[in-house]
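The residues making up each chain are set out below.
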Amino acid sequence: MRILLVEDDRPLSDALALSLKNANYAVDCVYTGADAMTTLSIGQTDIVVLDLGLPDTDGLNVLKSIRKKNATLPVLILTARDKVSDKISGLDAGADDYLPKPFEIDELLARLRVLERRLGTASQTIITIKNVSLDTAHHTLTIDNKTIHLPRRELMVLKALIENAGRVLSKNQLENKLYEWGEEVASNTIEVHVSHLRKKMPDNFIKTIRGVGYCISKSGE
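Residues numbered from 1 in each chain as written. Predicted model: local features only at pLDDT ≥ 70, side-chain atom pairs only at ≥ 80, totals over all residues. Heavy atoms only, no water.

**Student:** How would you sum up the packing of aromatic side chains? Please name residues and give values.
**Tutor:** The full count for this structure, using the stated rule, is zero aromatic pairs. Looking at Arg10, its charged tip hangs above the ring of Tyr31, at a distance of 3.7 Å from the centre. (Phe/Tyr/Trp six-rings, centres within 6.5 Å; stacked < 30°, edge-to-face > 60°. Lys NZ or Arg CZ within 6 Å of the ring centre and 35° of its normal.)

Structure below.
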């Protein structure tokens, strides 16, 4: 899952980005409303975390601009404005969620998981398909009730596929969910991750749809 973090407080932005990366998100950081809209125009963002007190414009203006271009992109407002009237203004302007500062990172991550579930086909944080169970809150994988340890990128690929079980994700879609701006991605990176995953998963759990991408069926069949 790829998050656009729009926060002009650079120390806070750096700390949040690190926490989000540790939670297996890819994070793009920008510090102004203009840069946020430029980044969003590329179309690779899954969720926006938006501060309202930006140096070049009010975050609500950014939110309204987002909604004119994309009615469904999840936006979570993260701001020091904590009055009820501020929350109402943010939600009425099109925000999906509103979290006042200061906040606990665990609460932010929980709210992001809710937005993720709206985007995917999963309805809860523990997703079980046949004998495979992935806990997206604690980043743990079990197969036949045995814990399987995966490298971060492999876990991110598996999470994307399981959360979208029944849908085909292309190579480009998976790359966009895993890698941030400036990261070098080899042409066969996704194929390598999937190949390594297949050695650890049940037979035929991850299917290749030739010329399209990869898929995990909801039934595991």
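That covers the picture; the talk isn't over yet.
**Student:** Can you explain the packing of helix α2 (residues 33-40) against helix α3 (residues 59-69)? Please cite residues and give values.
**Tutor:** Between α2 and α3, whose axes approach to 10 Å, the crossing angle comes to 20°. Put simply, α2 runs roughly parallel to α3. Of the two possible hands of crossing, α2 and α3 adopt the one that is right-handed. Contact residues: Gly33, Ala36, Met37 and Leu40 in α2; Val62, Ser65, Ile66 and Lys69 in α3. (Axes fitted to C-alpha atoms, helices over the stretch in contact; angles between N-to-C directions. Helix = DSSP H or I, 4+ residues; strand = E, 2+ residues; numbered from the N terminus. Parallel < 35°, antiparallel > 145°, perpendicular 65-115°, else oblique. Left-handed = near helix turned anticlockwise from the far one by under 90°. Contact = heavy atoms within 4.5 Å.)

**Student:** Which residues make up the pairing of strand β2 (residues 26-30), and what values do they have?
**Tutor:** Most of β2 sits out of view: four of its five residues are buried. Where strand β1 (residues 2-6) and β2 come together, five bridges link them in parallel fashion. Bridge assignment links Leu5 to a residue of β2, and that residue is Cys29. Handedness of the β-α-β unit built from β1, helix α1 (residues 10-22) and β2 comes out right-handed. (Buried < 20%, exposed > 50% of the residue type's maximum accessible area, 1.4 Å probe, protein only. Pairing = 2+ DSSP bridges. Right-handed = clockwise from strand over helix to strand, strands pointing away.)

**Student:** With reference to specific residues and values, describe the pattern of salt bridges.
**Tutor:** Under the defined criterion, the tally for this structure stands at 14 salt bridges. Among the ionic pairs, Asp97 bridges to Arg111, the shortest N-O distance being 2.6 Å. Here Asp97 is found in strand β5 (residues 97-100), whereas its partner Arg111 is found in helix α5 (residues 105-119), with 14 residues between them in sequence. You can call Asp97 buried: its relative accessible area is 17%. For Arg111, a relative accessible area of 22% puts it in the partly exposed group. For Arg111, the salt bridge is made with Glu107, and the minimal N-O distance between the two is 2.7 Å. (Salt bridge = Lys/Arg side-chain N within 4 Å of Asp/Glu carboxyl O.)

**Student:** If you had to explain the sheet that holds strand β6 (residues 126-129) to someone new, which residues and values would you point to?
**Tutor:** Sheet architecture is open: four strands sit in the order β6-β7-β8-β9, paired in antiparallel fashion. Of all strands in the sheet, those with a lone pairing partner are β6 and β9 (146-148), marking the two edges. Going across the sheet, the axis of each strand differs from the next one's by a mean of 25°, ignoring polarity. Across three bridges, strand β8 (residues 140-143) lies against β9 in antiparallel orientation. When the sheet's bridge partners are listed, Ile143 is paired in β9 with Lys146.

**Student:** So what's going on with the nonpolar core? Which residues, and what values?
**Tutor:** In terms of nonpolar packing, the biggest core is built from 28 residues, with Leu158, Leu161, Ile162, Phe205, Ile206 and Ile216 touching the most fellow members. Breaking this core down by element, the ones donating at least two residues are β6, β7 (132-135), β8, α6 (152-163), α7 (171-178) and α8 (189-200). Among the elements that make up this core, the one with the highest residue count is α6 (seven residues). Within the second largest apolar cluster, 20 residues are counted, among which are Val30, Met37, Leu40 and Leu54. (Core = buried A, V, L, I, M, F, W, Y, C linked by side-chain atoms within 4.5 Å.)

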